Amino acid sequence: QVQLVESGGGLVQAGGSLRLSCVASGNIFSINAMGWYRQAPGKRRELVATITTRGSTNYADSVKGRFTISRDNAKNTVTLQTNSLKPEDTAVYYCAAIPRLGSTYWGQGTQVTVSS
């Protein structure tokens, strides 16, 4: 089992920034990649960004150039720096830990609200 605890969400004006963090604990050696997903009201959960243990990253087209994902393997932490936020970025952001085998682990989510 892997436990994930997120922090850093909040309310920000358009054009602003937020830094989301996620700390993993438990069977962390089973984790291949970590990432962030988001879900807006009435919409499906979607990929925001992922990063592997080797540092390879993948971003949704909608956030490329604005968001940066990073990972500190020693601290079992993944961080999402969000810049130039837009109202359409408003969603609950979920930290994800993707194991080599089995189902993805999810955090409880943190709300990001961007006002226009």
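Sequence positions are assigned chain by chain, starting from 1 and proceeding in written order. Where totals are concerned, whole chains, interfaces and linings use all residues; where local detail is concerned, this predicted model gives features only for residues with pLDDT of at least 70, and gives and counts side-chain atom pairs only at 80 or more. Where side-chain values are given, they derive from all heavy atoms of the structure, hydrogens and water being excluded.

J.: Break down the overall build of the protein chain for me, with residues and values.
T.: In DSSP terms, a helix is any run of H or I states spanning at least four residues, a strand is any run of E spanning at least two, and both are numbered starting from the N terminus. In terms of regular secondary structure, the protein chain is built from zero helices and eleven strands. Going residue by residue from the N terminus, the α and β elements of the protein chain occur as β-β-β-β-β-β-β-β-β-β-β. Radius of gyration: over C-alpha atoms. The globule rule applied is 2.2 Å multiplied by the number of residues raised to the 0.38 power. Since a compact globule built from 116 residues should have a radius of gyration of about 13 Å, the 13 Å found for the protein chain is in line with a globular shape. Across its three principal axes, the protein chain shows a C-alpha extent of roughly 40 × 25 × 20 Å. Long-range pairs, those at least 24 residues apart, make up 53% of the contacts in the protein chain between residues at least 6 apart in sequence. What sets the accessible areas is the Shrake-Rupley method with a 1.4 Å probe; for residues, cover comes only from the shown protein chains. Carbon and sulfur atoms make up 48% of the accessible area of the protein chain, which amounts to about 6300 Å² in all. His is not counted here, nor are the chain ends, while Lys and Arg score as positive and Asp and Glu score as negative. To locate a charge, take atom NZ for lysine, CZ for arginine, CG for aspartate or CD for glutamate. Once the 12 positive and 6 negative side-chain charges of the protein chain are each reduced to a mean point, those two points are 5 Å apart. What makes two residues a contact is simply this: any of their non-hydrogen atoms within 4.5 Å.

J.: Can you tell me about the pattern of salt bridges, naming the residues and giving the values?
T.: Salt bridges are defined as contacts in which a side-chain nitrogen from Lys or Arg sits within 4 Å of a carboxyl oxygen from Asp or Glu. One pass over the structure, following the stated rule, counts four salt bridges. Among the salt bridges present, the one from Glu-46 reaches Arg-38, with a minimum N-O distance of 2.7 Å. Burial classification: accessible surface area is computed with a 1.4 Å probe over protein chains only, and a residue below 20% of its type maximum counts as buried, one above 50% as exposed, and the rest as partly exposed. On the accessibility criterion, Glu-46 (36% relative accessible area) is partly exposed. Given the relative accessible area of 6%, Arg-38 is considered buried. One continuous salt-bridge network, built from bridges that share partners, spans Arg-38, Glu-46, Arg-66 and Asp-89.

J.: Could you give me a rundown of the nonpolar core, with the residues and numbers involved?
T.: Among the nonpolar cores identified, the biggest contains 27 residues, and Trp-36, Leu-80 and Tyr-93 are the most heavily contacted of them. Of all the secondary-structure elements, those providing two or more residues to this core are strand E1 (2-7), strand E3 (18-26), strand E4 (31-39), strand E5 (46-52), strand E7 (67-72), strand E8 (77-82), strand E9 (91-99) and strand E11 (110-115). Nonpolar cores were defined as sets of buried Ala, Val, Leu, Ile, Met, Phe, Trp, Tyr and Cys residues, with membership established by side-chain atoms within 4.5 Å.

J.: Kindly report on the packing of aromatic side chains, identifying the contributing residues and their values.
T.: Ring pairs shown here join Phe, Tyr and Trp side chains whose ring centres sit within 6.5 Å, with only the six-membered ring taken for Trp; geometry is labelled stacked below 30 degrees between planes, edge-to-face above 60, and tilted in between. For the structure on display, the rule yields one aromatic pair. On the numbers, 5.1 Å between centres and 80° between planes, the contact of Tyr-37 with Trp-106 is edge-to-face. Within this pair, whereas Tyr-37 is found in strand E4, its partner Trp-106 is found in strand E10 (residues 105-106), the two being separated by 69 residues in sequence. Overall, the relative accessible area of 38% leaves Trp-106 in the partly exposed class. Whether a charge sits over a ring depends on NZ of Lys or CZ of Arg being within 6 Å of the ring centre and within 35 degrees of the ring normal. Sitting above the plane of the Tyr-94 ring, Arg-45 keeps its charged end 3.7 Å from the centroid. Note that Arg-45 overlies the ring of Trp-106, its terminal NZ or CZ placed 4.5 Å from the centroid.

J.: Give a description of the pairing of E3 that names residues and reports values.
T.: Here E1 runs beside E3; their pairing, made up of six bridges, is antiparallel. When the sheet's bridge partners are listed, Leu-4 is paired in E3 with Ala-24. In this description, strands pair whenever DSSP reports at least two bridges between them. Where E3 meets E8, six bridges bridge the pair, whose relative direction is antiparallel. Among the inter-strand pairings, Leu-20 is bridged to a residue of E8, identified as Leu-80.

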